[in-house]
Structures are given as structure tokens and as C-alpha cells.
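# Secondary and tertiary structure notes
Next come the chains, spelled out residue by residue.
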Amino acid sequence: MNYNIKEVRGLQLAVQNVEKGYEGRRVLKNVTFDVDSHEFICILGHSGCGKSTLLNLIAGFLQPDSGSVTVNGVPVKGPSKSRGVVFQDHALFPWYKVIDNIAFGPEVQGKSKAEAMEIAHKYLKLVGLEDYAEHLPDQLSGGMKQRVGIARALASGPDILLMDEPFGALDVLTREMMQKELLRIWLELRPSVLFITHSLSEAVYLADRIMVMKDGDVAGEFRVTMDRPRSNQHPEFIGLMREIQKLLTDE
Amino acid sequence: MNYNIKEVRGLQLAVQNVEKGYEGRRVLKNVTFDVDSHEFICILGHSGCGKSTLLNLIAGFLQPDSGSVTVNGVPVKGPSKSRGVVFQDHALFPWYKVIDNIAFGPEVQGKSKAEAMEIAHKYLKLVGLEDYAEHLPDQLSGGMKQRVGIARALASGPDILLMDEPFGALDVLTREMMQKELLRIWLELRPSVLFITHSLSEAVYLADRIMVMKDGDVAGEFRVTMDRPRSNQHPEFIGLMREIQKLLTDE
Amino acid sequence: MSKMPDSLVASKALVSAKGGRMLRKKKTWVDNGLLPVVVFFLLWEAVSTLNGRFAFFNPIFLPAPSAIVREAWYLAKTGLIASSIAASTARILVGFAIGMVCAIAVGVLMNKYSRVDYWLSPILNLLGPIPALALLPIFIIWFGIGEFPKILLIAWTTFIPVLTNTLDGLRSVNPTLIRSALSLGASERHIFFKVIFPSAVPSIFVGAQVSLGLGFSALIVSEMMGAKSGLGYIIVDARNYFKMSNMFVAIVLIGLEFSFFSYLLKRLERRMVTWRKNGMRSAVEK
Amino acid sequence: MSKMPDSLVASKALVSAKGGRMLRKKKTWVDNGLLPVVVFFLLWEAVSTLNGRFAFFNPIFLPAPSAIVREAWYLAKTGLIASSIAASTARILVGFAIGMVCAIAVGVLMNKYSRVDYWLSPILNLLGPIPALALLPIFIIWFGIGEFPKILLIAWTTFIPVLTNTLDGLRSVNPTLIRSALSLGASERHIFFKVIFPSAVPSIFVGAQVSLGLGFSALIVSEMMGAKSGLGYIIVDARNYFKMSNMFVAIVLIGLEFSFFSYLLKRLERRMVTWRKNGMRSAVEK
Amino acid sequence: ACGSGGSPGNAAEPDGSSTPNASDVKNDGIELKQFTLVGVRDAQISSQQIIADKKGYFKEEGLEVTSQLIESGPDIGPMVAGGSAPISIQTNFMDIILKSNNVGVKIVAPLAQIAGTQAVVGGKHLELKSAKDLEGKTIGVPNGADVVIAIDNMAKELGVDAKKIKYVNLAPSDAVTALEKGDIDAMAAWEPFITKAIQGGGKFLFSGTKSELPDKQGDVNWMSVHTTIQVTDDFLKKNPNTIKAVLRALNKATDFINNNREEAIKILSPELRLTEAELTEIMNRNVYSMEVNDNYLNDSNGEAVGSYLKSVGNIRELQDPKSYHDLSLLKEVAPELVKAELK
Ligand SMILES: Nc1ncnc2c1ncn2[C@@H]1O[C@H](COP(=O)(O)OP(=O)(O)OP(=O)(O)O)[C@@H](O)[C@H]1O
Ligand SMILES: Nc1ncnc2c1ncn2[C@@H]1O[C@H](COP(=O)(O)OP(=O)(O)OP(=O)(O)O)[C@@H](O)[C@H]1O
Ligand SMILES: O=[N+]([O-])[O-]
Ligand SMILES: [Mg+2]
Ligand SMILES: [Mg+2]
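What you see is a predicted model, and the numbers here were worked out from it, not measured in a lab.

This brings us to the coordination of the magnesium ion (ligand 4). Reference geometry at the metal: tetrahedral coordination by four donors gives ideal angles of 109.5 degrees; octahedral coordination by six donors gives 90 or 180 degrees. Binding of the magnesium ion (ligand 4) to the protein goes through A:Ser52 (OG) and A:Gln88 (OE1), at separations of 1.9 to 2.4 Å. Of this pair, A:Ser52 sits in helix 2 (residues 51–59) while A:Gln88 sits in the loop between strand 6 (83–86) and helix 3 (98–108), and the two are 36 residues apart along the sequence.

Written out as C-alpha cells, the structure is:
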């Protein structure tokens, strides 16, 4: 839809020397990296190493203690619809039905009610929950909530998609379906994606580049050059898996 | 500790012809299965197929619309400390520090404050969060919360452990560590375990028996006979993976 | 995982026996809330009748409901009751509405701008507890004895509890939901109407419930100034001339009127807040 | 993920500049809440002084703060202020405490047993809105004019808002937490003290805040009956004898006393509810 | 304070009566030495009570009276009814109302004719060429107040159509404010509000006993109401000698007020929270006397009063003065004061 516009502007995200701590305990220590427009980046790292914190900084929810987060050179001062977020704990609006949760973005961005509903239905179908449009979030299973969260973020058409373990609560099948859909959407709309996951193979399957975090630092970056769709039998796939596994396991 | 006592009583959980629905939509359709004492059962199934609902019935939070859930022949009428639960959404007490969350069980079960604290510290260490004893749940990362939830359930020494995707938010490394710890505890204390997971390999790695659910029904059961610790190179492992994968993928 | 909003209880009930039970409970509470009231009045009547026989105390201490009804009938014939209910209801409703709107508006401003909070909070702490009776002469001085000061007094009394509860409601919004909305492109207005407000609504209703009751207190004081009818007027008159049975008539009318409005508020709340789980009772199915 | 309880703001502040900013804000609000009050009184003084010069209205209608202080000093010399504050404070505190305890107890019972709720709710709806002024003569008949009816009146006034808020707090406990506690072997007592109560505490504090303000209204009415001192007594006396400046003295004293107690309540709340996030303001760091 | 707290004065059978200190001072077997006498902080109601207290007249009679002054007169009714004011001072109208509620209470003596303090005050801008100009004007008055009798009688005598006067229900203190602000044309009330209203720029128009209206100047008899001391039936039965002692003390106080007015005012002024000047004026409008005379029996307790009280709904039925009087004790104490008999 707004493919062209995005193609033109191209989004350049830069995280430079960012430090961030809570109550004096430093969580992020001098993190630096760039995200090119249309790039798909996966972030791997141990529980508690600061992945969500980093995402929150990029989303504009937190401000770095030092260093900077910029988009096209402009410091991120707060959240914006150009940076869509899928939250680790879903963060669905409990008072809205599933369909209204998804229509929220289009609606507040000025689309007409009908248009917003149409978009919402499209993405609801995409995540396989057509039958649950009229349910309240509280009436959904864990995996369903997660999918609604993804549909909601997608429906508002962000330039950067920040996803915090979006497929964590999904079974293998649903997960594969969602991975494929995400890639399809990414290829169609070409947002930049920052994707936190604990699944190594998922990272290799999806990413242009994989960032491994350790203890608040970027411990390594891996570029994935295979064509998509990728097979886990591909030598690069296997090689990357091994390499990254080693980095993660190393003490 | 109370190993002997449990050995003697042995817990027999029976789910018989259970139906359960919300607002007329049937979610569980005639589910029947047994859990032997000390048995480790993993449940696999697509998002929304009714796994959590089943767990809630066994925990005593819900009552079946028809059929019965019995423990040693006695119908389950409500929750009990003999059935410990790890919740999909953690359900930590936000007003208690991590250590007090874990000490909750021992404390309400009549242990002295000091004893309860000792137990809590033991399990906190087990999940690798010694440094976070004084944090509030809200100050933890997603994976950390999940581990506290596990520690809390373990600390109250249940006879049956009901775990709803307990390792979903953990990175590979932490996950492996937790799997090993869980097995160790299970071998030491011998509770029955009902473990919901989306990871096929995790199920095969852990379970005595794997139950695959589909659309509110038990679609298949698989007994795992390999000795522990198991290797994913073991032919039975590979065979089971393939078989279950097929069952799950079949339409 | 298994809690369901009230609004769904009804449909659920059509299906399972369990649901049926829950529906009955709900219905009883709402519809048959009359039974306890009836029993209450019957007991009271019985006590009064016994007293009439054994003369434990002078019946003016606690007139029987039947005596109150007789008294009410007597007053009704003079037209006083009808006009009083009309006048008081109008005053309460207008004052209550103004107080609510102002409280919510001020609450939102205080929540949003910490400057406003900083300046207003201590002043409201000073002015908030000024009792209506102390305001009365000041209001008469400033605003005369017409309808305006009466309504203002009720609005003022309504204002504080609603404000306090509104502020609490606003404070307890889940911040992740606000983050979520902001990233979806919500403007401040959207954040307010689609996130903060829905989330604060339950608290606001609690404030409204409290304020509604207080409104009747303020009514009495306000009807001290120049009213010719009104439930407050009946009470003041009864107090001045020891008409205890009139006093009880007015009290019972206030109780009934409040119950009615309170019921409407609860209906409205149930309609607006379909999504909220009811803690304890929905934790475990029995 | 990044919100932190108030209690931690202080320690955080020791570290980062940002934290420092937040700390200052907090401190300002609490400690320098005095500035707005001072400005308020200065403005008032200015208006009164201007009025003194241009005589817009009769100054007894709005005495200047300096005049009020003078009046207060005059009253203080007679010992009336000291004894009034002492007497009123005692009455408020005792009545407030009784009302709170009863409201919480009744709230818990109503939440727990739907029977109790069923029977009590409609009755409380009938009795709840009875204004203190209407209860006054009835209380005098039943209980005389000693301390008992005074305290009872304050307790009654305190009761309803705290009950309403308590019920709401209890209703909004997250049911999963109750499930969680039950599976850990918690008894009903534990559930109440370790889950329901902590979760309802914020709501109870809101009720307490509202009730505290109402307590002063009830105080006035209660001190109409045969009190020899008390802030309410001063107001009633001032009203009867048209001593507007005494009225303002009492009003200001009530405002200050309420502010003080309200501050204590907030301190206590902040101490008891360290875990609660403050919605809007903690959503996004600026 | 006292009240339900078990202070002896409030209970019907306090310990004082069980151990009468017969050896004390002079007494005719006083049954109850310690008790509370409840009055109103108001010059017409409680002047004698305060003087008797301050001058030690109660003590001289062997009594230890706690003199309690209530801020709001209407509360005495419930107190009498509830038993917390077995002996009290208020107007005889209250007794009529109590009697109609079947509260067993008896007036044992009148204390003062206070119709002079029940008055109407005009606002700053009220111009009256004749009383008839009051038609169409707004008067602030508590609904059903006694002082309306005076207005009705004035209207009758001066040919004013009382129906054309507009009334606004206002408590006296509020009426003072409203009058000064010009929200009402006149107010009808009692002291000290009359004096306060005049200080605020109001003009005295007329009272129950005196008129300054253009068409009628001087003494009038438009109203009659008395302050009285009353006791509950129970108290009367158990403590006749105590009551007699109280009457003696109040009689002394009455004499003192009438003979040493200036000194009385000095004593009363701080108690009543009024300046001496205000109090002088107020007290001049009252006639302090415990005399039971024609005026008391036929005017203050006459049929006209009953009819008025009934017409405004303050009582249901007319009450026979006999049913709420027991003047026998007064007759024993000071027979010269009882100049007329109840018929
Ligand atoms: N609000 C907070 N207050 C204090 N500490 C916090 C807060 N939020 C996060 N932390 C701490 O910051 C660290 C990193 O947390 P973060 O949520 O970024 O981890 P994560 O990499 O997302 O982990 P996970 O994979 O488990 O979600 C943790 O040690 C956590 O305890
Ligand atoms: N409170 C509820 N009200 C209505 N429907 C519900 C409720 N809770 C669950 N459901 C429905 O029941 C079905 C099964 O839910 P359940 O939570 O048991 O799934 P699950 O197998 O645990 O899925 P997941 O792996 O995604 O957690 C879903 O379709 C869900 O929408
Ligand atoms: O109190 N008076 O009726 O004068
Ligand atoms: Mg995280
Ligand atoms: Mg689930």
C-alpha cells in the first residue's frame, strides 16, 4: 500500500554508545549498532541480558543514560507510530474486542472506521484468528493473545517493527506459519525489523543480520546471506547455527 | 526430604470424559487420560487447542461441564497445595519481593519464617537468580519472571506439578539448564509432572509419556522409553520427533 | 484464563448448568435486591408493633414503617412530597453531573500536567474538607439564595470524592498499555479516550457512587437556604419543630431515591465495564 | 518493563541524572507543597487588601488571612483553639478509625459471602445516604449528646466511602493471583492477608482519603450537639452569632489539619504500596 | 460533655438520690443534688439560668447544677424526648410540640415573656409608607417559625393581606446575610439575629410586643411566647424538692436581672458571646418574670397559638395546657407569682 513512500524515505536507525541502568545497576553497557532501512535483524541473548531494555530504548519508552538512539539522525524522544512494537506481555487493551484492538492503530491514525475494520480483518485473518474477532483478550489462549499483538502492530503499518519474542508462546506449526507470514509482509511492505527471539534456528531462518547480546553488550554480529526461503539443511544455515551456538555457550 | 512419604502414598490422577466449554463453545471434548504417580507427562498441541484449560481443570480452578477429574479416586473440588502450578503468565505477587514470592508456599504451609527463607533461597539459586532476591517482580525480565514462577511452585513441594509452558521465555542455554534442574528435582522428589510445551524436542527430552492434543481431544499418546539423560541423536528420539511432528502437522 | 466479564454471563448461562447458576446469582442480586429491603421493613414493623404493645420506648424514637407510610400519605396529600422529590431530584442530578464532569476534567489535567497537580493539590487539600455547613453562609453571601448556590454546593460535595477516585484510576493505568497505544500512533486525545479513560472508568464509578450518597447530605444543607420544598427542606423543618415522623419519611425517601440512582449507576457501569474480571469470585469455579 | 515503584525512586536518584530529576519532582510535591499554599494565602491577602481600599464588598464576607490570623490569635488566647483542635482531633481520629475498621471488615465479609452481600447491600443502600444532619436528632434521642453519638456519627460518615472503595478494591484482585496462592497451599486467612488485602490496599486508601475529608463535615454536625469545644463547635457558634471571621478561622484550621492527616495517609500509603506503578507518568521517560 | 455518658444529671435515678446529703445546707429533703440543667446559649432562654449559676444561687439552695448551654435550640426537643435533658429551659411552644408527640413533660414555671425578641427587620432599601407595602415583599423566615404569628396578627390589625407576603425559608443566621445582601426585603427571627440584622443596616419594623411601622407605633400585642422551665414526668415525680430548689434559685436570678441589669449584663455578655451594648438592647426586649398570669395562660398557651402550630403542621392536635403544666411546685415556692389558674 504505502510501499512506495517507504521506499523513498528509507529509515536509518542508529544506536550509539548507549548505556542504560536501573537503580545504578548498568544493564546496557556501551551498545552500538545500526539498522538499515528494510533490514531484518534478530537479537539473541540470555534471559536478562538487556534485550527488552534495548527495544524499549529504540521504541522511545526509555531514554539512555548516555549515548544516543537516532532515526535518520534525529534523536528518538518518544514513541512514534513509525516504530511499531510487539510486546513480550502482549499489552492488549482488555476493554476492546480482538478486532478493535487490531483496528486501534489505523483508527487513531485517521482511517475511517470502515477502512480500519477492513485492515483489522485482513490482519486478523493473517494470524489465523478470524473466528475470534468478537472475543475479549481475556478470553484468548496465551498463543492467541500473542498473535493478536502481532496483528495489531502490523496493522498500523510501521517503518520499523520492534518485536519482543513474538512467537514465544506458539506451537511449532503456528510458529512456522507466522514466520512465513512475517517474511511475506516484510517483503511486501519492507519495514526494518528488530526481532528478539530465543530460537537460534528462527533467527537464522528470518534475519539479514543476527546480533548476539551478552551481559549488556553486543557480543557478536552475523550476516546471513542465504536466499529466502531458507532451508535448515543449507550449509550456511548449519554453519551459522553452530557458530552462534558456540558464542552463546562460551563463558 | 519428604521423598519417603510420597513414595508411600503415590498419586493417581484420572481425567475421565471431561468436557469443558466457554459460552457454549466446547473447548475440551471428551478428554480421558491417567497420570501415574511419579510420571512425567508432556502435553503438546496447537495454540488454542485447550491445553491451559485442561491444566486449569486439573488444578481445580475450573470444574468440568461433564466428566470428572479425580486424584486417587476423589474428585478435584478446588485447588490444593498438592497440585503446584506454574502459570503461563507467571502470576507472581507484585507486592512481594522475589524471595518472598518463593517463600510464600512454605510459609503458608506453616514453616517458620527462617525455614521458609532457607527453602526459598535454595530454589532461587536453582533457577540462577540469587542476585535478584530483593527485586520486585516488576523489575525482572520476562525470562526471569518465568524462572521465579517455577521456583515458587517447586518450593512448596507439590505431589503433582502442573506447568504451563514454563520455559517459553527462556533462551536456549537457560532453558537447557532449567530442563536439567527440573529432571534432577523430579528424580529426587518424584512428583508427577504435567508439562505443557511447544518444543517437541523438549517433550521428548523430558517426558515419560507425551500427549498430543488437537482441537480439544487427545489425538495421540507416545511413551518414551529411553534412559535419561537423553541424546537427540538416539534413534528413539529421532523417531519420536518425526512421528509426533507428523501427527501435529496432519490436518 | 477462565474469568469472564459480566456481560457474558448471560449468554454463558444459556448453555451450561454452571452458567445457569451464575446467572441466577446475578439476577437475584439485581432484581430480588428487593427481598432484603422488604424483610428489613417487615422486621422494623414488627419491632415497632411489639413496642406499641409493650411500650419499651416512645414510638417517636422509631416510628413503624406503616406509621411512616401514613405520615407520607398525609404529606403527599399536601403535595409536598411530590414537589420535594421533583425539586431535590433536579438539584441532585444537576449538581451531581456538574461535580462529576468537573472532577473528571480536573483529575485528567492534574494527572497530565504535573504543574497543575503541583499547584492545585495543596489548595484542594485546604478547600476540600470545608464542610457544606460552613460553606453555606459564604455561599449565601457570594451567590444569594437561589438555585445556583444550591446546585454549586451539591456539585462541590460531589467533586472531591470523584476527583480522588479519578486520580487514583488514572494513576493505576497499566503503563504498558499507554506505551502500546503511543507506538500505534495514538495522539494525546486518543490516549486519554481510548486508554486512560476506559481504564479509570471503574474507579470513577466508585467515586460517583460515593458522591451520589454525599449529594443527599449536601442537599439538606443547600435546602436550608430559601427552599420551599425538597427532601432536605422536609428534614430541616422536621428538625426545627420536632416532627420526627416527617424526618423518617424524608430519610426513607432519600434511601429509596438513592437506591434507585445507585442501581442506575451500577447498570451503567456494568454496561461500560464489561471487560473487568471480578477477582475472588471468578478465581475458582465451585 | 521499565517502570519502577516509587519506593525505589530515591535510590535510583542517587545514580543517574534522570533519576535525580525524578527525585526532585517527588520532593517538590511533598515538601514544597507549601509554596502553592503560601501563594494562595498571599493572593487572598492581596484581594482582601484591595477590597479594603476599594470596598467592592463588605470585608466580613471575606476576611483577609491576616485578619483571620489576628482572630485566631485572639481565640487562641482564650484557649478555645487549643482545646478545639484537641477535642476535634480526638473525635475525628477515633471515629475515623472505627469507621475504617468496620468498613474493611464488612467489605471483606460482603466480598467473601455472597449471602452477606445479598442481604446487606440493599440495606446499606437505604441507610448509606442518610445525611448526618438527619441522623442528628435521632442520635440525640437514642444516644444523648455525649461523646458516643458524636464519634458514631463520624464513624458512620467514614464508613460508606471506605466500604465502597474497599469492595471495589476487593473485586479487582487479579484472580490468577488467588489461584496461584491457593495452589501454594494458602488458607482463606492467607488469601485474605497476603493476596486480597495487599491488592485492595490502594483502593482502601482512596476511600480513607475521601472519608477523612467527610469526617470534618460530620464533625461539625456532631459538634452541634452539646459540644463545648471543637472546630465544628466554633463553626456552629460562628454561624449562630454571625462571626464570619471565626468561621474562617475554623475553616482554615480544618484545611490545615486535613492536609496534615492527608499527608500522613499518603506517607503511609507510599510505605505500604511500594509495588504499584504510576500509569501515565511512568509509561514514557522524558 | 454529659449525656449518655452516665453523668448523674441525665439519668432518672442517679446515685445522688440514693444518698441524699441531708445534713447539707438548708434543704427540704432534696432528692437529687447533682444534675445538669440544659438551656440554650441565648439571652431570652437562659439568662436566669446563667445568672443563677454564676451568682451561686443554685449552690445556695444546696444544688450542684451543671449548667449546659446548647448551641441550637431545636436539639432540646430530642434531648428531652430521649431522656438526656430531664430538666431543661426552652419556650412553652416546645412543650406543646413535645406533648403532641406524647413525650411526658411538664412546665413547672414560666421564666420570661420573650415576644419582644421575636421580630421583623427590614432591609436597608426597604421603604414602607404603610404596613400594606409589605404585600409583595419577600421575608426570610424559618418555615413554621413562631414569629409568623406576630406577622399574621400585625396583618390582621393593619389590614395587610398576609397571603401576599412572600416567605423564603431561611435560618435566622442565613437570613441576616441574605438581608444585608439584599436578597430578601425583610427577615423575621429572634435575638440575637434581630440585633445583628440591625447592625448590618436593617430597620426594626415590629416585634410581638412593639411596632415601629408607619401606621402603628408603640406597644402592641401581636404575639406572646414564654421561656419556661420544664421537667420530664419521671423527674417531676422523683425530685419535687430538687425542682423547688431550682425554682427558688431561678427566682433569685430573675430578681437580680431586674434589679441589677448592668451587672447582669456584665456576667452574661461573655457567656452569650454578645457585646454589652448588644445585650442591653436584647434584654430590654424581654420581660423577665416568673409570673403565671393571664398573658401567659391565655396568650402564650391560648387557642390561637395552638391553631397556628397546627396550621403549619408543627402539631397534629390542639393540646390542653393542663396536660403539660404542673405549677404546684411554683405555688409552694412563691405563691405570689401564680396570679392565674389553669382552667
Ligand atoms: N523496571 C526495572 N527496574 C529494575 N530493573 C529492571 C527493570 N526492568 C528490567 N530490569 C533489569 O534489567 C535487566 C535486563 O532486563 P531485560 O528485560 O532487558 O532482559 P531481557 O534481555 O529482555 O530478558 P528476557 O529474555 O528474559 O526477557 C534485568 O536484569 C532486569 O532485572
Ligand atoms: N475465559 C475464557 N472465555 C472464553 N473462551 C476462553 C476462555 N479461556 C479460554 N478460552 C478459549 O478456549 C480455547 C482454549 O484455550 P486454552 O487457553 O486452553 O488454549 P491453549 O491450548 O492453552 O493455547 P496456547 O498454547 O495458545 O496457550 C481458546 O479457543 C480460547 O479462546
Ligand atoms: O430561641 N427563641 O425562640 O428565641
Ligand atoms: Mg525481555
Ligand atoms: Mg495456554
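Here the focus is the coordination of the magnesium ion (ligand 5). All names here are of chain B. Coordination of the magnesium ion (ligand 5) by the protein is provided by Ser-52 (OG) and Gln-88 (OE1), with metal-donor distances spanning 1.9 to 2.4 Å. Using a relative accessible area of 14% as the deciding quantity, one classes Ser-52 as buried. With relative accessibility at 18%, the residue Gln-88 sits in the buried group.

According to the stated counting rule, one finds 54 salt bridges over all chains in the structure shown. One salt bridge connects D:Asp237 with E:Arg273, and the closest N-O pair in it is separated by 3.1 Å. Taken together, the residues D:Asp237 in helix 11 (residues 231–240) and E:Arg273 in the loop between helix 11 (261–272) and helix 12 (276–285) connect one chain to another. Of the residues examined, D:Asp237 reaches a relative accessible area of 3% and is grouped as buried. Of the residues examined, E:Arg273 reaches a relative accessible area of 28% and is grouped as partly exposed. Between E:Lys252 and E:Glu60 there is a salt bridge, with the nearest N and O atoms lying 2.8 Å from each other. Of this pair, E:Lys252 sits in helix 10 (residues 240–259) while E:Glu60 sits in helix 3 (residues 57–60), placing them 192 residues apart in sequence. Taken together, the salt bridges that share partners define one network made up of A:Glu39, A:Arg209, A:Glu221 and A:Arg223.

All names here are of chain A. Spanning 14 residues, helix 5 (residues 142–155) covers 20 Å between terminal C-alpha atoms, matching the ideal 20 Å at 1.5 Å per step. Extensive coverage of helix 5 is indicated by the burial of 14 of its 14 residues. Positive phi shows up at Gly-157, right after helix 5, with a value of about 55°.

All names here are of chain A. Read across the open sheet, the 6 strands follow the order 6-7-8-3-9-10; overall the sheet is mixed. Each edge of the sheet is formed by a strand with only one pairing partner; in this case those strands are strand 6 and strand 10 (217–223). The mean inter-strand angle of the sheet, taken between neighbouring strand axes irrespective of direction, is 15°. For strand 7 (residues 160–164) and strand 8 (residues 192–196), the ladder comprises 5 bridges, and the chain directions are parallel. Note on strand 8: the bridge partner recorded for Asp-164 is Ile-196. Most of the contacts of helix 8 (residues 235–249) go to strand 10, to which it runs at about 170°, and overall it touches strand 3 (40–45), strand 9 (209–214) and strand 10.

The next thing to look at is the relation of the copies chain C and chain D. By a simple turn and slide, chain C fits onto chain D: the slide is 0.0 Å along the axis, the RMSD is 0.2 Å, and the turn is 180°. Both copies are brought into coincidence by an operation consistent with a two-fold rotation axis. A shared binding surface is used by both copies, with 99% of the interface residues of chain C retained as interface residues in chain D.

All right, on to the UniProt feature "domain: ABC transmembrane type-1" (unreviewed entry) in chain C then. Per the UniProt entry, the sites bearing "domain: ABC transmembrane type-1" (unreviewed entry) are residues 81–262 of chain C in this numbering. Taken end to end, residues 81–262 of chain C has its terminal C-alpha atoms 21 Å apart, with 86% of it in helix and 0% in strand.

Right, let's get into the domain arrangement of chain A. Residues and elements named next belong to chain A. On domain assignment, one finds that chain A holds domain 1 (1–82 + 165–251) and domain 2 (89–157). With centres defined by C-alpha atoms, the gap from domain 1 to domain 2 works out at 24 Å. Facing the 16 residues of domain 1 at the interface are 12 residues of domain 2. Taking both sides of the interface into account, the surface hidden between domain 1 and domain 2 amounts to around 1100 Å²; carbon and sulfur atoms contribute 65%. Of all residues in domain 1, the largest losses of buried area upon contact with domain 2 belong to Lys-81, Met-178 and Ile-185, amounting jointly to 35% of the total for that side. At the junction of domain 1 with domain 2, the criterion picks out 0 salt bridges. The interface formed by domain 1 and domain 2 contains 4 residue pairs in polar contact (both at pLDDT 80 or more).

Within this structure's numbering, the places UniProt gives as "transmembrane region" (unreviewed entry) are residues 29–47, 92–111, 123–145, 151–170, 191–221 and 241–265 of chain C. A helix fraction of 88% and a strand fraction of 0% characterise residues 241–265 of chain C, whose end C-alpha atoms lie 36 Å from each other.

The rules behind each value
Residues numbered from 1 in each chain as written. Chains lettered and ligands numbered in written order. Predicted model: local features only at pLDDT ≥ 70, side-chain atom pairs only at ≥ 80, totals over all residues. Heavy atoms only, no water. Donors = N, O, S within 2.8 Å, 3.2 Å for Na, K, Ca; no water. Helix = DSSP H or I, 4+ residues; strand = E, 2+ residues; numbered from the N terminus. Buried < 20%, exposed > 50% of the residue type's maximum accessible area, 1.4 Å probe, protein only. Salt bridge = Lys/Arg side-chain N within 4 Å of Asp/Glu carboxyl O. Expected span 1.5 Å × (residues − 1). Pairing = 2+ DSSP bridges. Axes fitted to C-alpha atoms, helices over the stretch in contact; angles between N-to-C directions. Contact = heavy atoms within 4.5 Å. Least-squares fit on C-alpha atoms with pLDDT ≥ 70 in both. UniProt positions renumbered as here; feature names shortened; annotations may be inferred. Domains from an automatic or database assignment. Buried area = accessible area lost by both parts, 1.4 Å probe. Polar contact = N/O pair within 3.5 Å; in protein donor to acceptor, adjacent residues only side chain to side chain.

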